[in-house]
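Fold and geometry: a report
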Amino acid sequence: MIEAIIFDMFHTLADPHSGLEYTEYEPLGVDKEKWAAVLWSSDFCSERGLGKIGTVDGIFARLSELLGGTIPEEKLRISRDARIERLRLALTDIAPDILDAIKNLKKRGFKLAILSNADVCDRLHWNDSPLNPFFDEAIFSCDIGMAKPCAEIYALASKRLRVKPENILYVGDGGDNELKGAKAAGFTTIRTERLKVWDEDFRAKISPHSDFCIKSFDEIERIADSL
């Protein structure tokens, strides 16, 4: 019997509006490829996502350093403000069908949680999100110093919800090996393609760890009732 549902955040509940990324890298005077290579490098992701850099300004100071350390402060500020705005939009402009599905699940009595690999920029506007009132827990990697797919983060979510793993659904797009980790933790896993559809190679990689695949959030309630 499903008692709780845990959701990934970006590309699952929230659209990160990737089409606006140019507002971040163009002011820095670098192309998208260089910017992305630095932003998503494993070391910088770890520093940001595990809270080793705990402030927005600290993240951008480190970004400037990794890009060569010659970016004028004003250009860095413009890039920083653009990122904060893009992520604010992601957390506040939630698709109506997704928000309605969350409301219905909460009304049904399911415990709900967020489990997100996120830095301080990513979660800055969580309190402003229309999703916020419906969630019992919101666990962000930068706040706890661990990230998906480590076993401990799933165990923490289960503990905070006070629900056994076998009674939990996990819903995510599949990035960061999250479904593999959730499956290993004993959760039933749902891969959502509502906001993100990966290429065929990556889909083939994550599909074995997906108990279900959905394109509409209306399907979550049906799946929960069937288990």
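Residues numbered from 1 in each chain as written. Predicted model: local features only at pLDDT ≥ 70, side-chain atom pairs only at ≥ 80, totals over all residues. Heavy atoms only, no water.

1. Some details on the environment of Thr70
Cut-off, in case you're wondering: Note on conventions: DSSP H or I runs of at least 4 residues are helices, E runs of at least 2 residues are strands, and numbering of each starts at the N terminus. With a 1.4 Å probe rolled over the protein chains alone, any residue whose accessible area is under 20% of its type maximum counts as buried; one over 50% counts as exposed, and the rest are partly exposed.
Summarising the element assignment, Thr70 is placed in the loop between helix 4 (56–66) and helix 5 (73–92). Note on Thr70: relative accessible area 67%, which makes it exposed.

2. Here we look at the packing of helix 3 (residues 42–49) against helix 4
Formally: Throughout, an axis means a line fitted to C-alpha atoms (over the contacting stretch in the case of helices), and angles, computed between N-to-C directions, take values from 0 to 180 degrees. Each angle is binned into one of four classes, with values under 35 degrees roughly parallel, values over 145 roughly antiparallel, values of 65 to 115 roughly perpendicular, and all other values oblique. Only heavy atoms matter for contacts: two residues are in contact if any of them lie within 4.5 Å across the pair.
Their axes nearest at 11 Å, the elements helix 3 and helix 4 cross at an angle of 170°. When the interaxial angle is binned, helix 3 and helix 4 end up roughly antiparallel. Residue-level contacts link Phe44, Glu47 and Arg48 of helix 3 to Ile59, Arg62, Leu63 and Leu66 of helix 4.

3. Structural notes on the environment of Ile98
By the secondary structure assignment, Ile98 is in helix 6 (residues 96–107). Ile98 gets classed as buried once you look at its relative accessible area, which sits at 0%. Spatially, the C-alpha atom of Ile98 lies 10.0 Å from that of Leu195, the residues being 97 residues apart in sequence.

4. Things to note about the environment of Gly186
Here Gly186 shows up in the loop between helix 10 (178–184) and strand 5 (188–192). Since its relative accessible area comes to 37%, Gly186 is described here as partly exposed. On a C-alpha basis, the gap between Gly186 and Leu169 in space is 9.4 Å, while along the polypeptide they are 17 residues apart. Setting aside chain neighbours within four positions, we find Gly186 in contact with Pro165 and Glu166.

5. Observations concerning the pattern of salt bridges
Counted only if it meets this: When a carboxyl oxygen of Asp or Glu lies within 4 Å of a side-chain nitrogen of Lys or Arg, that pair is called a salt bridge.
Counting across every chain of the model gives 25 salt bridges. Linking Arg86 and Glu24 is a salt bridge whose minimum nitrogen-to-oxygen distance equals 2.5 Å. One end of the pair, Arg86, is in helix 5; the other, Glu24, is in helix 1 (residues 22–25), with 62 residues separating them in the sequence. A relative accessible area of 1% means that Glu24 is categorised as buried.

6. Here we look at the side chain of His125
Along the polypeptide, His125 turns up in the loop between helix 7 (120–123) and strand 3 (137–140). His125 gets classed as buried once you look at its relative accessible area, which sits at 18%. Setting aside anything within four residues of it in sequence, one finds His125 in contact with Ile84, Arg88 and Leu91.

7. Re the layout of surface pockets
Just so we agree on the cut-off: The way it works is a 1 Å grid over only the protein atoms, where trapped points that fit a 1.4 Å probe form a cavity and open points with protein on both sides within 12 Å along at least five of seven lines form a pocket, and then any residue with an atom within 4 Å of a point lines it. Grid points are joined across faces, edges and corners, and a volume is the space filled by probe spheres set on the points. In this classification, Asp, Glu, Lys and Arg are treated as charged, Ala, Val, Leu, Ile, Met, Phe, Trp, Tyr, Cys and Pro as nonpolar, and every other residue, Gly included, as polar.
The computed volume of the largest pocket comes to approximately 840 Å³. The wall of the largest pocket is formed by 33 residues, among which Phe10, His11, Trp40, Asn117 and Asp176 lie closest to the centre. The set of elements that each furnish at least two residues to the lining of the largest pocket consists of helix 2 (32–39), helix 3 and helix 5. Looking at the lining of the largest pocket, the element that brings in the most residues is helix 3, giving five residues. Here the residues of the lining of the largest pocket sort into 11 nonpolar, nine polar and 13 charged.

8. Considering the pairing of strand 5
Condition: By definition, the crossover connecting two strands over a helix is right-handed if that path, from the first strand to the second, turns clockwise as seen with the strands pointing away from the viewer. Between any two strands, at least two bridges found by DSSP are needed for them to pair.
Counting buried positions over the five residues of strand 5 gives five, a clear majority of the element. Here strand 5 shows no split at all, with Thr188, Ile190 and Thr192 on one side and Thr189 and Arg191 on the other all buried. For the crossover from strand 4 (residues 168–172) across helix 10 to strand 5, the handedness is right-handed. Bridge count for strand 5 against strand 6 (residues 212–214) is three bridges, and the pairing is parallel. Bridge pairing in strand 6 places Arg191 opposite Cys213. In this fold, the crossover linking strand 5 to strand 6 by way of helix 11 (residues 200–206) has right-handed handedness.

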